[in-house]
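Here is how the chains run, residue by residue.
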Amino acid sequence: MKINLFLYVIGFFVLLSCGEKNGQETSFEKFQINNSDQYLTLPAGVIENEVTTYEEGFTQHFIYENNSYVILLRGGNAELATPNGSKPERFSREEKINGFHLMYGNVTTERKLEFDQAFDQMKENGLERK
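Keep in mind it's a predicted model, so treat the numbers as computed, not measured.

Caption draft 1: Highlighting the sheet that holds strand E7 (residues 100-108). Strand order in the open sheet made by the 5 strands is E3-E4-E5-E7-E6, with antiparallel pairing throughout. The open sheet terminates on both sides in strands that have one partner only, identified here as strand E3 (46-54) and strand E6 (90-97). Going from strand to strand, the sheet's axes swing by 10 degrees on average, the running direction of each strand aside. Of the pairings in the sheet, the one linking E6 to E7 comprises 7 bridges and is antiparallel in character. Note that in E7 the partner of Arg90 across the bridge is Thr108. Most of the contacts of helix H2 (residues 109-125) go to E7, to which it runs at about 165 degrees, and overall it touches strand E4 (57-64), strand E5 (69-75), E6 and E7.

Caption draft 2: Fine view of the nonpolar core. One finds Leu40, Leu42, Val70, Leu102 and Met122 to be the most contacted residues of the largest nonpolar core, which totals 19 residues. Contributions of two or more residues to this core are made by strand E2 (38-43), E4, E5, E7 and H2. With 4 residues, E7 is the largest single contributor of residues to this core. Beyond its immediate sequence surroundings of up to four residues, Leu102 is in contact with Leu40, Val70, Ile71, Leu72, Leu80, Arg93, Glu94, Glu95, Ile97, Phe119 and Met122.

What counts and how
Each chain has its residues counted from 1, following the order in which its sequence is written. pLDDT decides what is reported in this predicted model: residues at 70 or higher carry local features, side-chain atom pairs at 80 or more are listed and counted, and totals for whole chains, interfaces and linings draw on all residues regardless. Hydrogens and water are ignored here; the side-chain numbers use all heavy atoms of the structure. Two strands are said to pair when DSSP picks up at least two bridges between them. Helix and strand assignments follow DSSP, with helices taken as H or I runs no shorter than four residues and strands as E runs no shorter than two, numbered in order from the N terminus. Structural elements are reduced to axes, namely lines fitted to C-alpha atoms, with helices fitted over the stretch in contact, and the angle between N-to-C directions of any two is expressed from 0 to 180 degrees. Throughout, a residue-residue contact means that at least one pair of heavy atoms, one from each residue, lies within 4.5 Å. We define a nonpolar core as any set of buried Ala, Val, Leu, Ile, Met, Phe, Trp, Tyr and Cys residues linked to one another through side-chain atoms lying within 4.5 Å. Classification of residues uses two cut-offs on accessible area relative to the type maximum, computed with a 1.4 Å probe and protein chains only: under 20% is buried, over 50% is exposed, and between them is partly exposed.

So, in structure tokens, the structure goes:
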């Protein structure tokens with residue numbers, strides 16, 4: 001009887017330690033939008049943050065090591081083109097948040113949840129101000 005109880009307790013702790021983690025913790029970073037007092041919340045790992053201005057606004061590109069990206073557009077006479085689904089394991093999404101047009105693209109299945117969480121959070125709470 002004591003051995004069965006002991007095995008059940010050990011089994012319980014083994015199951016708890018297996019959880020649904022896949023070895024990756026979701027972490028986010030704050031990025032200033034151009035020269036404004038507003039900030040985006042994006043998944044960690046941005047290797048390039050580039051702003052391109054044009055007469056009526058600007059775009060800001062955030063590029064990740066695996067070629068995933070987030071583009072922010074503010075201004076007139078420009079649109080973001082959603083990538084075609086030529087790669088079945090790559091995802092994209094567009095949102096309009098606080099007057100900005102945001103899009104992520106070329107996101108892998110493994111990171112899609114992170115990007116969706118960041119976009120969902122910004123859509124629900126708006127952009128942060130500092």
